[in-house]
Amino acid sequence: MLLGKYWDKFGSITPGKISIEDVRSLYGISRLEARTLCEMAVSEGLFEKKVGLTCPSPGCNGRIIAEFDLGSKLPEEILCVICEADGIEPSTYKTDKLEKVEYYKLANYHVHN
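What counts and how
The residue count restarts for each chain, going from 1 along the sequence in the order it is written. Under the rules for a predicted model, residues below a pLDDT of 70 receive no local features and side-chain atom pairs below 80 are neither given nor counted, while totals for whole chains, interfaces and linings still include all residues. Computation of side-chain values: all heavy atoms of the structure, hydrogens and water removed. Counting from the N terminus, the helices are the DSSP runs of H or I reaching at least four residues and the strands are the DSSP runs of E reaching at least two. We call a residue buried when its accessible area falls under 20% of the maximum for its residue type, exposed when it is over 50%, and partly exposed in between, using a 1.4 Å probe and counting protein chains only. For this analysis, residues touch if any pair of their heavy atoms sits within 4.5 Å. The definition of a polar contact used here is a pair of N or O atoms within 3.5 Å, where within protein one atom must be able to donate a hydrogen and the other to accept one, and adjacent residues in sequence count solely through side-chain atom pairs. By definition here, a helix of n residues has an expected span of 1.5 Å times n minus one. Of all possible arcs, the one meant is that of the directions from the helix axis to the C-beta atoms. Throughout, nonpolar core names a set of buried Ala, Val, Leu, Ile, Met, Phe, Trp, Tyr and Cys residues whose side chains join them through atoms within 4.5 Å. Only strands joined by at least two bridges in the DSSP assignment are considered to pair. Axes here refer to lines fitted to C-alpha atoms; in helices the fit is confined to the stretch in contact. Angles between the N-to-C directions go from 0 to 180 degrees.

## Here's the deal with the side chain of T95
In step 1: Tracing the backbone shows T95 in the loop between strand 4 (92–94) and strand 5 (100–106).
In step 2: A relative accessible area of 6% places T95 in the buried class.
In step 3: Excluding its chain neighbours within four sequence positions, the residues that come into contact with T95 are L53, L74, P75, E76, E77, I78 and K100.

## Overview of the environment of D69
In step 1: Here D69 shows up in strand 2 (residues 64–69).
In step 2: Taking relative accessible area as the criterion, D69 reaches 42% and is therefore assigned partly exposed.
In step 3: Distance from D69 to G52, taken between C-alpha atoms, is 8.8 Å for residues 17 residues apart in sequence.
In step 4: Those residues in contact with D69 that lie beyond four places of it in its chain are K49, K50 and V51.
In step 5: A polar side-chain atom of D69 sits 2.4 Å from a polar atom in the side chain of K50.

## Observations concerning helix 3 (residues 31–43)
In step 1: End to end, helix 3 covers 18 Å across 13 residues, agreeing with the expected 18 Å (1.5 Å per residue, within 8%).
In step 2: Listing the buried residues of helix 3 in full gives A34, L37, C38 and A41. Axial view of helix 3: buried residues confined to an arc of 95°, hence all on one face. In helix 3, the exposed positions that point more than 90 degrees away from the buried face belong to L32 and S43.
In step 3: In the stretch just after helix 3, G45 is the one whose phi turns positive, near 80°.

## Structural notes on the nonpolar core
In step 1: With 14 residues, the main nonpolar core has I18, V23, I29, C38, F47 and Y104 as its most contacted residues.
In step 2: For this core, the secondary structure elements donating two or more residues are helix 2 (20–27), helix 3 and strand 5.
In step 3: By size, the runner-up hydrophobic cluster in this structure holds 12 residues, among which are V51, I65, C83 and L98.

## Section: the sheet that holds strand 5
In step 1: Strands sit in the order 2-1-5 across an open sheet of 3 strands; the sheet is antiparallel. This sheet does not close on itself; its edge strands, each paired only once, are strand 2 and strand 5. Shown here is a sheet whose adjacent strand axes are inclined to one another by a mean of 35°, direction ignored.
In step 2: In this structure, strand 1 (residues 47–54) lies alongside strand 5, joined through 7 bridges in antiparallel fashion. Paired with F47 across the two strands is L106, which belongs to strand 5.
In step 3: The strands touched by helix 3 are strand 1 and strand 5; relative to strand 1, the strand with the most contacts, the crossing angle is about 110°.

The structure is reproduced here in structure tokens:
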């Protein structure tokens with residue numbers, strides 16, 4: 001495994017949302033080196049590359065409301081359950097109008113509620 005010497009520090013990063021900046025600051029490396037490291041982790045099956053859609057409502061403050069594999073087909077609309085629960089209209093948004101955030105996630109990591 002090419003990433004063996006780096007793997008021990010990955011435990012201190014939030015496994016469900018790993019940014020280039022997280023990796024850059026953790027290892028004290030450039031953004032390019034951090035991106036390369038993350039892409040190597042994807043190629044070795046350690047990370048998955050994701051895209052998150054953020055809610056535009058001020059009450060959600062940029063919260064990611066849906067997550068998809070990067071490159072997958074997105075639905076036309078997405079529901080923000082926080083906005084819906086708070087009675088905010090609209091609570092359904094066109095995905096092509098939402099901000100998209102790319103990040104990495106540990107492979108096979110799932111959030112349990």
